[in-house]
Amino acid sequence: MSSLEVSEYFTPPDFHIGDTVWIMDRPFFLYDCDDFTRNYYRQTYGVHSMQPVGGVTAPPPPRPDMPLPPFTGLGTLDDSRENCLHLIPQPPKKDVIKFLEEDGNVLRYSAVLESRHPQDEHRKFIITYHINDDTISIYEPPQRNSGVIGGKFLERTRIPKKGEPMVKAGIIDHPEYYGFGDLAIGATVEFFKHRFIIKDAANCVLDYMEYLGIDQFPEDTVESLRDLKMKKDGTSKR
(Lines give C-alpha, C1' and ligand atoms only; values in the text may rest on other atoms or scores of the structure.)
Protein backbone atom coordinates (compact mmCIF):
# COMPACT_ATOMS: atom_id res chain seq x y z
CA MET A 1 0.00 0.00 0.00
CA SER A 2 1.45 3.32 -1.04
CA SER A 3 1.17 6.65 0.81
CA LEU A 4 -1.45 7.78 -1.72
CA GLU A 5 -3.76 4.92 -0.70
CA VAL A 6 -3.56 5.65 3.03
CA SER A 7 -6.50 7.77 4.22
CA GLU A 8 -5.82 7.67 7.95
CA TYR A 9 -2.74 7.33 10.14
CA PHE A 10 -2.22 6.50 13.80
CA THR A 11 -2.28 9.49 16.14
CA PRO A 12 -1.70 9.69 19.93
CA PRO A 13 -5.40 9.41 20.80
CA ASP A 14 -5.42 5.95 19.20
CA PHE A 15 -3.11 4.57 21.88
CA HIS A 16 -4.58 3.76 25.30
CA ILE A 17 -3.16 1.57 28.05
CA GLY A 18 -4.99 -1.77 28.06
CA ASP A 19 -5.85 -1.69 24.34
CA THR A 20 -4.48 -3.85 21.52
CA VAL A 21 -3.48 -2.11 18.32
CA TRP A 22 -2.67 -3.75 15.04
CA ILE A 23 0.45 -2.46 13.31
CA MET A 24 1.64 -4.09 10.09
CA ASP A 25 -0.79 -7.02 10.69
CA ARG A 26 0.67 -7.72 14.12
CA PRO A 27 -1.13 -7.18 17.46
CA PHE A 28 0.59 -5.10 20.12
CA PHE A 29 -0.81 -4.94 23.65
CA LEU A 30 -0.20 -1.60 25.39
CA TYR A 31 0.33 -2.25 29.09
CA ASP A 32 2.41 0.75 30.27
CA CYS A 33 4.06 4.01 29.28
CA ASP A 34 6.71 6.32 30.67
CA ASP A 35 6.08 9.41 32.81
CA PHE A 36 6.57 11.84 29.92
CA THR A 37 3.87 10.10 27.86
CA ARG A 38 1.53 9.95 30.85
CA ASN A 39 1.95 13.72 31.50
CA TYR A 40 1.53 14.49 27.80
CA TYR A 41 -1.83 12.70 27.63
CA ARG A 42 -3.03 14.43 30.81
CA GLN A 43 -2.04 17.93 29.69
CA THR A 44 -2.99 17.60 26.03
CA TYR A 45 -6.07 15.34 26.00
CA GLY A 46 -7.15 15.39 29.62
CA VAL A 47 -6.67 11.64 29.88
CA HIS A 48 -5.94 10.46 33.44
CA SER A 49 -6.37 6.69 32.88
CA MET A 50 -2.87 5.94 31.58
CA GLN A 51 -2.05 3.63 34.48
CA PRO A 52 -0.05 0.44 33.95
CA VAL A 53 -1.85 -2.89 33.61
CA GLY A 54 -0.92 -5.18 36.49
CA GLY A 55 0.44 -8.67 36.06
CA VAL A 56 2.19 -7.97 32.77
CA THR A 57 5.94 -8.28 32.56
CA ALA A 58 8.28 -8.15 29.62
CA PRO A 59 9.59 -11.56 28.52
CA PRO A 60 13.18 -12.27 29.56
CA PRO A 61 15.78 -11.87 26.86
CA PRO A 62 16.62 -15.14 25.10
CA ARG A 63 19.68 -16.94 26.33
CA PRO A 64 22.54 -16.86 23.84
CA ASP A 65 23.04 -20.11 21.99
CA MET A 66 26.41 -21.62 22.81
CA PRO A 67 26.86 -24.71 20.61
CA LEU A 68 29.61 -27.15 21.43
CA PRO A 69 32.54 -27.13 19.01
CA PRO A 70 33.02 -29.99 16.51
CA PHE A 71 34.62 -33.17 17.81
CA THR A 72 38.31 -33.28 16.94
CA GLY A 73 38.66 -37.04 17.25
CA LEU A 74 41.06 -36.79 20.20
CA GLY A 75 39.96 -38.59 23.33
CA THR A 76 36.31 -39.52 23.75
CA LEU A 77 33.10 -37.63 23.04
CA ASP A 78 32.26 -37.51 26.75
CA ASP A 79 35.67 -36.07 27.65
CA SER A 80 35.41 -33.41 24.95
CA ARG A 81 31.92 -32.39 26.07
CA GLU A 82 32.90 -32.06 29.74
CA ASN A 83 35.94 -29.98 28.81
CA CYS A 84 33.65 -27.54 27.01
CA LEU A 85 31.13 -27.27 29.85
CA HIS A 86 33.60 -26.53 32.64
CA LEU A 87 36.45 -24.06 33.00
CA ILE A 88 38.45 -26.68 34.90
CA PRO A 89 38.21 -30.02 33.00
CA GLN A 90 36.33 -32.71 34.89
CA PRO A 91 35.98 -36.42 34.15
CA PRO A 92 32.65 -37.57 32.67
CA LYS A 93 30.04 -38.52 35.23
CA LYS A 94 29.41 -42.24 35.66
CA ASP A 95 26.71 -44.35 37.21
CA VAL A 96 28.78 -45.36 40.23
CA ILE A 97 26.28 -47.93 41.51
CA LYS A 98 26.09 -49.68 38.14
CA PHE A 99 29.86 -49.44 37.76
CA LEU A 100 30.43 -51.24 41.07
CA GLU A 101 27.60 -53.78 40.83
CA GLU A 102 28.45 -54.86 37.26
CA ASP A 103 32.23 -54.67 37.64
CA GLY A 104 33.84 -57.57 35.78
CA ASN A 105 30.62 -58.61 34.00
CA VAL A 106 31.14 -58.75 30.25
CA LEU A 107 29.38 -60.05 27.14
CA ARG A 108 31.56 -61.55 24.43
CA TYR A 109 30.95 -61.91 20.71
CA SER A 110 32.89 -63.37 17.80
CA ALA A 111 33.12 -61.31 14.62
CA VAL A 112 34.88 -61.11 11.29
CA LEU A 113 36.03 -58.03 9.45
CA GLU A 114 34.04 -56.97 6.40
CA SER A 115 36.74 -55.82 4.02
CA ARG A 116 37.52 -55.76 0.33
CA HIS A 117 41.13 -56.75 1.01
CA PRO A 118 41.83 -60.49 0.58
CA GLN A 119 44.29 -60.53 3.50
CA ASP A 120 41.47 -59.64 5.89
CA GLU A 121 39.28 -62.58 4.89
CA HIS A 122 40.45 -64.95 7.64
CA ARG A 123 40.89 -62.42 10.44
CA LYS A 124 38.77 -63.10 13.52
CA PHE A 125 37.93 -60.80 16.40
CA ILE A 126 36.50 -61.00 19.90
CA ILE A 127 34.21 -58.10 20.78
CA THR A 128 33.79 -57.59 24.51
CA TYR A 129 30.94 -55.48 25.86
CA HIS A 130 31.62 -54.21 29.39
CA ILE A 131 28.28 -53.93 31.18
CA ASN A 132 29.36 -51.66 34.03
CA ASP A 133 30.14 -48.65 31.81
CA ASP A 134 28.77 -49.68 28.37
CA THR A 135 32.19 -49.65 26.74
CA ILE A 136 33.43 -51.95 23.98
CA SER A 137 36.87 -53.41 23.42
CA ILE A 138 38.06 -55.57 20.52
CA TYR A 139 40.80 -58.20 20.58
CA GLU A 140 42.24 -60.07 17.61
CA PRO A 141 43.57 -63.52 18.55
CA PRO A 142 46.99 -64.15 16.94
CA GLN A 143 46.97 -66.69 14.10
CA ARG A 144 50.10 -68.37 12.86
CA ASN A 145 51.25 -67.57 9.33
CA SER A 146 48.46 -65.03 8.88
CA GLY A 147 50.73 -62.05 8.32
CA VAL A 148 48.93 -60.17 11.12
CA ILE A 149 50.43 -59.84 14.58
CA GLY A 150 47.08 -59.75 16.37
CA GLY A 151 46.46 -58.53 19.90
CA LYS A 152 44.51 -55.51 21.11
CA PHE A 153 42.59 -54.01 18.18
CA LEU A 154 40.49 -51.40 19.99
CA GLU A 155 41.00 -49.93 23.44
CA ARG A 156 37.99 -50.05 25.75
CA THR A 157 35.73 -47.10 24.87
CA ARG A 158 32.16 -46.11 24.11
CA ILE A 159 31.37 -46.17 20.39
CA PRO A 160 28.91 -43.71 18.83
CA LYS A 161 26.72 -44.95 16.03
CA LYS A 162 27.87 -43.91 12.59
CA GLY A 163 24.35 -43.10 11.44
CA GLU A 164 23.88 -40.47 14.13
CA PRO A 165 23.38 -37.08 12.39
CA MET A 166 25.15 -35.26 15.22
CA VAL A 167 28.18 -37.53 14.96
CA LYS A 168 28.31 -37.00 11.21
CA ALA A 169 28.31 -33.24 11.74
CA GLY A 170 31.01 -33.49 14.38
CA ILE A 171 28.67 -32.34 17.14
CA ILE A 172 29.39 -33.88 20.52
CA ASP A 173 26.10 -33.09 22.27
CA HIS A 174 24.35 -36.31 23.38
CA PRO A 175 25.15 -38.80 20.60
CA GLU A 176 23.66 -42.32 20.64
CA TYR A 177 26.11 -45.08 21.49
CA TYR A 178 26.14 -48.77 20.62
CA GLY A 179 24.56 -51.05 23.20
CA PHE A 180 24.56 -54.83 23.38
CA GLY A 181 21.00 -54.73 22.06
CA ASP A 182 22.46 -53.63 18.71
CA LEU A 183 24.78 -56.65 18.45
CA ALA A 184 22.58 -59.21 16.72
CA ILE A 185 23.97 -62.37 15.17
CA GLY A 186 24.62 -61.70 11.49
CA ALA A 187 24.38 -57.93 11.94
CA THR A 188 27.00 -55.60 10.51
CA VAL A 189 28.20 -52.87 12.85
CA GLU A 190 30.63 -50.08 12.09
CA PHE A 191 33.15 -49.13 14.75
CA PHE A 192 35.28 -46.14 13.79
CA LYS A 193 35.12 -46.86 10.04
CA HIS A 194 35.73 -50.61 10.50
CA ARG A 195 32.80 -52.88 9.64
CA PHE A 196 32.36 -56.08 11.63
CA ILE A 197 29.92 -58.95 11.08
CA ILE A 198 28.75 -60.59 14.32
CA LYS A 199 29.10 -64.36 13.96
CA ASP A 200 28.77 -65.81 17.46
CA ALA A 201 27.96 -64.85 21.04
CA ALA A 202 28.36 -66.38 24.47
CA ASN A 203 25.28 -68.06 25.96
CA CYS A 204 25.29 -65.55 28.79
CA VAL A 205 24.26 -62.78 26.37
CA LEU A 206 20.75 -64.18 25.92
CA ASP A 207 20.57 -65.12 29.60
CA TYR A 208 21.41 -61.56 30.61
CA MET A 209 18.76 -60.12 28.28
CA GLU A 210 16.15 -62.45 29.75
CA TYR A 211 17.25 -61.41 33.23
CA LEU A 212 16.77 -57.71 32.41
CA GLY A 213 13.54 -58.26 30.49
CA ILE A 214 13.49 -59.46 26.92
CA ASP A 215 10.84 -56.94 25.84
CA GLN A 216 13.22 -53.97 26.07
CA PHE A 217 15.54 -55.30 23.36
CA PRO A 218 15.06 -55.39 19.56
CA GLU A 219 13.16 -58.47 18.43
CA ASP A 220 15.68 -59.22 15.67
CA THR A 221 18.53 -59.34 18.19
CA VAL A 222 16.66 -61.64 20.54
CA GLU A 223 15.56 -64.02 17.78
CA SER A 224 19.08 -64.23 16.35
CA LEU A 225 20.47 -65.18 19.76
CA ARG A 226 17.74 -67.77 20.31
CA ASP A 227 18.42 -69.33 16.90
CA LEU A 228 22.12 -69.45 17.74
CA LYS A 229 21.45 -71.16 21.06
CA MET A 230 19.25 -73.77 19.37
CA LYS A 231 21.95 -74.54 16.86
CA LYS A 232 24.50 -74.97 19.63
CA ASP A 233 22.12 -77.26 21.50
CA GLY A 234 21.55 -79.31 18.36
CA THR A 235 17.82 -78.58 18.22
CA SER A 236 15.72 -77.04 15.47
CA LYS A 237 13.31 -74.17 15.86
CA ARG A 238 9.68 -75.32 15.82
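Predicted model, so just to flag it, every value in this text is computed and none were measured. (Residues numbered from 1 in each chain as written. Predicted model: local features only at pLDDT ≥ 70, side-chain atom pairs only at ≥ 80, totals over all residues. Heavy atoms only, no water.)

**Student:** So what's going on with the overall build of the protein? Which residues, and what values?
**Tutor:** Across its full length, the protein carries six helices and eight strands. Starting at the N terminus and ending at the C terminus, the protein contains elements arranged as β-β-α-α-α-β-β-β-β-α-β-β-α-α. With 238 residues in all, the protein has 29% of them scored as buried. A total accessible area of about 17,100 Å² is found for the protein, and carbon and sulfur atoms account for 54% of it. (Helix = DSSP H or I, 4+ residues; strand = E, 2+ residues; numbered from the N terminus. Buried < 20%, exposed > 50% of the residue type's maximum accessible area, 1.4 Å probe, protein only. Areas by Shrake-Rupley, 256 points an atom, 1.4 Å probe, with all protein chains shown as cover.)

**Student:** Describe in detail the sheet that holds strand 7 (residues 188-191), supporting the description with residues and values.
**Tutor:** Sheet architecture is open: six strands sit in the order 6-5-4-3-8-7, paired in antiparallel fashion. Bordering the open sheet on either side are strand 6 (151-157) and strand 7, each of which pairs with just one other strand. Strand-to-strand twist of the sheet, defined as the mean angle between neighbouring strand axes without regard to direction, takes the value 30°. Here strand 7 pairs with strand 8 (residues 194-201) via four bridges, running antiparallel. Looking across to strand 8, one finds that phenylalanine 191 is bridged to histidine 194. Sheet contacts for helix 5 (residues 203-212): strand 3 (106-114) and strand 8; angle to strand 3, the most-contacted strand, approximately 125°. (Pairing = 2+ DSSP bridges. Axes fitted to C-alpha atoms, helices over the stretch in contact; angles between N-to-C directions. Contact = heavy atoms within 4.5 Å.)

**Student:** Give me the nonpolar core: which residues, what numbers.
**Tutor:** Grouped together as the largest cluster of nonpolar side chains are 28 residues, with contacts concentrated most on Tyr109, Ile127, Phe191 and Phe196. Those elements that provide at least two residues to this core are strand 3, strand 4 (124-130), strand 5 (135-140), strand 7, strand 8, helix 5 and helix 6 (219-233). Aside from chain neighbours lying at most four places away, what touches tyrosine 109 is Phe125, Ile126, Ile127, Tyr129, Phe180, Leu183, Ile198, Asp200, Ala201 and Val205. If you look at the next biggest cluster of nonpolar residues, it comprises five residues, including Cys33, Tyr41, Val47 and Met50. (Core = buried A, V, L, I, M, F, W, Y, C linked by side-chain atoms within 4.5 Å.)

**Student:** Describe in detail a nonpolar patch on the surface, supporting the description with residues and values.
**Tutor:** A contiguous nonpolar surface patch, about 440 Å² in accessible area, is contributed by Phe10, Ile23, Met24 and Phe28. Structurally, the position occupied by phenylalanine 28 is in strand 2 (residues 26-29). The partly exposed category is assigned to phenylalanine 28, whose relative accessible area is 42%. (Patch = residues over 30% accessible without salt bridge, like charges linked within 9 Å, V, L, I, M, F, W, Y side chains within 5 Å. Salt bridge = Lys/Arg side-chain N within 4 Å of Asp/Glu carboxyl O.)

**Student:** So what about the packing of aromatic side chains? Which residues, and what values?
**Tutor:** What the rule picks out here adds up to 13 aromatic pairs. Centroid distance phenylalanine 125 to phenylalanine 196: 5.2 Å. Interplanar angle 85°. Geometry classified as edge-to-face. Here the residue phenylalanine 125 occupies a position in strand 4, and phenylalanine 196 occupies one in strand 8, the gap between them amounting to 71 residues. Across the pair, phenylalanine 196 and phenylalanine 125 agree in class, each one buried. (Phe/Tyr/Trp six-rings, centres within 6.5 Å; stacked < 30°, edge-to-face > 60°.)

**Student:** Summarise the environment of aspartate 134; cite the residues concerned and give the values.
**Tutor:** Among the secondary structure elements, aspartate 134 is positioned in the loop between strand 4 and strand 5. C-alpha separation for the pair aspartate 134 and phenylalanine 99, spaced 35 residues apart in sequence, amounts to 9.5 Å. Beyond its immediate stretch of four places on either side in the chain, aspartate 134 contacts Lys98, Tyr129 and Arg158. In this structure the side chain of aspartate 134 is engaged in a polar contact, spanning 2.9 Å, whose partner is the side chain of lysine 98. (Polar contact = N/O pair within 3.5 Å; in protein donor to acceptor, adjacent residues only side chain to side chain.)

**Student:** Which residues make up unusual backbone geometry, and what values go with them?
**Tutor:** Its identity as a non-glycine residue notwithstanding, methionine 24 has a phi of 55°, on the positive side. Secondary-structure assignment places methionine 24 in the loop between strand 1 (20-23) and strand 2. Take methionine 24: its relative accessible area is 75%, and that puts it in the exposed class.

**Student:** Outline the pattern of salt bridges, listing residues and values.
**Tutor:** Within this structure, the stated rule accounts for 14 salt bridges. One salt bridge connects aspartate 133 with arginine 156, and the closest N-O pair in it is separated by 3.1 Å. Residue aspartate 133 is located in the loop between strand 4 and strand 5, and its partner arginine 156 is located in strand 6; the two are separated by 23 residues in the primary sequence. In this structure aspartate 133 comes out as buried when scored by relative accessible area, which is 17%. Notably, a salt bridge pairs lysine 152 with glutamate 155, separated by 3.0 Å at the nearest N-O pair.

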